[in-house]
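Architecture and fold: a report
Next come the chains, spelled out residue by residue.
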Amino acid sequence: MENETSTGHVTRKTVLKAALAAGMAAPVALMGVPALARTMGGSGGDLALTPTCDDGDDPTIPQMEGPYFKPNSPLRSSMPDGPGPRLTVSGYVFGRSCLPISGVLLDFWQADNNGAYDNTGFKFRGHQFTGADGSYKLTAIVPGLYPGRTRHIHVKVQAPGRPILTTQLYFPNEPRNNTDSIYDPRLLMNVRDGSGGREAAFDFVLDVKQNPSPTPTSTATSNPPGGTWAAGTAYTAGARVTYGGVGYVCLQAHTATVGWEPPNVPALWRVG
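Residues numbered from 1 in each chain as written. Predicted model: local features only at pLDDT ≥ 70, side-chain atom pairs only at ≥ 80, totals over all residues. Heavy atoms only, no water.

1. As for the overall build of the protein
Per the secondary structure count, the protein includes 1 helix and 16 strands. Expressed as a percentage of the 272 residues in the protein, the buried residues total 45%. For the protein, contacts bridging at least 24 residues in sequence account for 64% of all contacts bridging at least 6. (Helix = DSSP H or I, 4+ residues; strand = E, 2+ residues; numbered from the N terminus. Buried < 20%, exposed > 50% of the residue type's maximum accessible area, 1.4 Å probe, protein only. Contact = heavy atoms within 4.5 Å.)

This is the structure:
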């Protein structure tokens, strides 16, 4: 069948498409677990872990950045910056072999409850890194609406030493999904109502080959000639380094990692 894998498993995409076609949010059974590494069991009931991504999931598609991105967002996973319905977004970042990627930088930004972006400060803006299991978790509010767009969250996702994926996440059953020219159902989150607000899940798939290591190997130079930046060094906010003949100021305390050289991570370093 077109909607089955070579092993006869129903694909995750099939489940999601069926739910969307029925006008429902994606099944709760896919919430809170590495959904891309799960397939339907032979009995058609329980979901079981599978060792590889054999369900035809493509890398997460990019979308436009829009006019409201700001670099140098604060390092934080909780953004309780104003009134509005509470929202938690969680999930995993995988590579092409469905293995989790640790240390991935995710930079989120969104509108407030009134549909406005904070362009002078950093309300509802923040970045974080995936854990050893490739997981992330964001706490914020359900973003408000503004003219011309449906409800959405912006995000930049970057594995160490790899290009940045810029995209947007969407909510199911939003009336404006039908009129927003940018909206793409492939970027729908799985959303349900929880005891503390709305709970959403989304798993990113980056175009990163994984054979055999789940964490990609960077080709970046860790100690460029004449540079003082060095991988493995614990930097504090305000620390100054040079890299490739250019001076940089540290914006957030962190331990330097190969792949996070100053030119590559504006959330952590600025030229100065």
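More follows now that the structure is in view.
2. A word on unusual backbone geometry
Its identity as a non-glycine residue notwithstanding, C98 has a phi of 65°, on the positive side. The backbone phi angle of N173 is positive, close to 65°, even though this residue is not glycine. Considering the arrangement of structural elements, one finds N173 in the loop between β8 (165–170) and β9 (190–194). The exposure class assigned to N173 is exposed, which follows from its relative accessible area of 55%.

3. As for the environment of A253
Among the structural elements, A253 can be located in the loop between β14 (246–250) and β15 (254–255). Classification of A253 by relative accessible area gives partly exposed; the value is 48%. Along the backbone, A253 and L268 are 15 residues apart, and their C-alpha atoms lie at a distance of 8.1 Å. Leave out the neighbours within four places in its chain, and A253 touches L75, Y235, T236 and A237.

4. A short note on the sheet that holds strand β16 (residues 269–271)
Strand order in this open sheet of 3 strands is β13-β14-β16, and the pairing throughout is antiparallel. The two strands at the open ends of the sheet, each matched to only one other strand, are β13 (240–243) and β16. When the angles between neighbouring strand axes are averaged without regard to direction, this sheet yields 40°. With 3 bridges connecting them, β14 and β16 associate as antiparallel partners. (Pairing = 2+ DSSP bridges. Axes fitted to C-alpha atoms, helices over the stretch in contact; angles between N-to-C directions.)

5. What about the confidence of the model for the protein?
Parts of the prediction with low pLDDT should not have their coordinates interpreted in detail. The predicted model of the protein averages 78 in pLDDT, with 73% of residues at 70 or higher. Within the model, the stretch residues 213–223 combines pLDDT values under 50 with 26 contacts to residues more than four positions away or in other chains. (pLDDT = per-residue confidence, 0-100.)

6. Describing the side chain of Q110
Positionally, Q110 belongs in the loop between β4 (105–109) and β5 (125–129). Within the structure, the side chain of Q110 is placed 3.0 Å from the backbone oxygen of I141, a separation counted as a polar contact. Discounting chain neighbours no more than four positions away, the residues touching Q110 are M79, Y117, F124, A140, I141, V142, P143, H152 and I153. (Polar contact = N/O pair within 3.5 Å; in protein donor to acceptor, adjacent residues only side chain to side chain.)

7. A closer look at the packing of aromatic side chains
Enumeration according to the criterion identifies 11 aromatic pairs in this entry. When the centroid spacing of 5.7 Å and the interplanar angle of 75° are considered together, the rings of Y117 and Y146 count as edge-to-face. Separated by 29 residues along the polypeptide, Y117 in the loop between β4 and β5 and Y146 in the loop between β6 (135–141) and β7 (152–158) bring together distant segments of the chain. Exposure class is identical for Y117 and Y146. Each is buried. Between Y235 and W269, the aromatic rings sit 5.2 Å apart at their centres with planes inclined by 80°, giving edge-to-face as the arrangement. Here Y235, found in strand β12 (residues 234–235), pairs with W269, found in strand β16; they are 34 residues apart in sequence, far enough to count as distant. Residue Y235 is classed as buried on the basis of its relative accessible area, which comes to 9%. (Phe/Tyr/Trp six-rings, centres within 6.5 Å; stacked < 30°, edge-to-face > 60°.)

8. As for the sheet that holds β5
Sheet architecture is open: 4 strands sit in the order β5-β4-β7-β8, paired in antiparallel fashion. Of all strands in the sheet, those bounded by a partner on one side alone are β5 and β8. Direction aside, neighbouring strands of the sheet carry axes that sit 25° apart on average. Relative to β5, β4 runs antiparallel, the two sharing 5 bridges. Across the sheet, the residue bridging to L105 is F129, located in β5.

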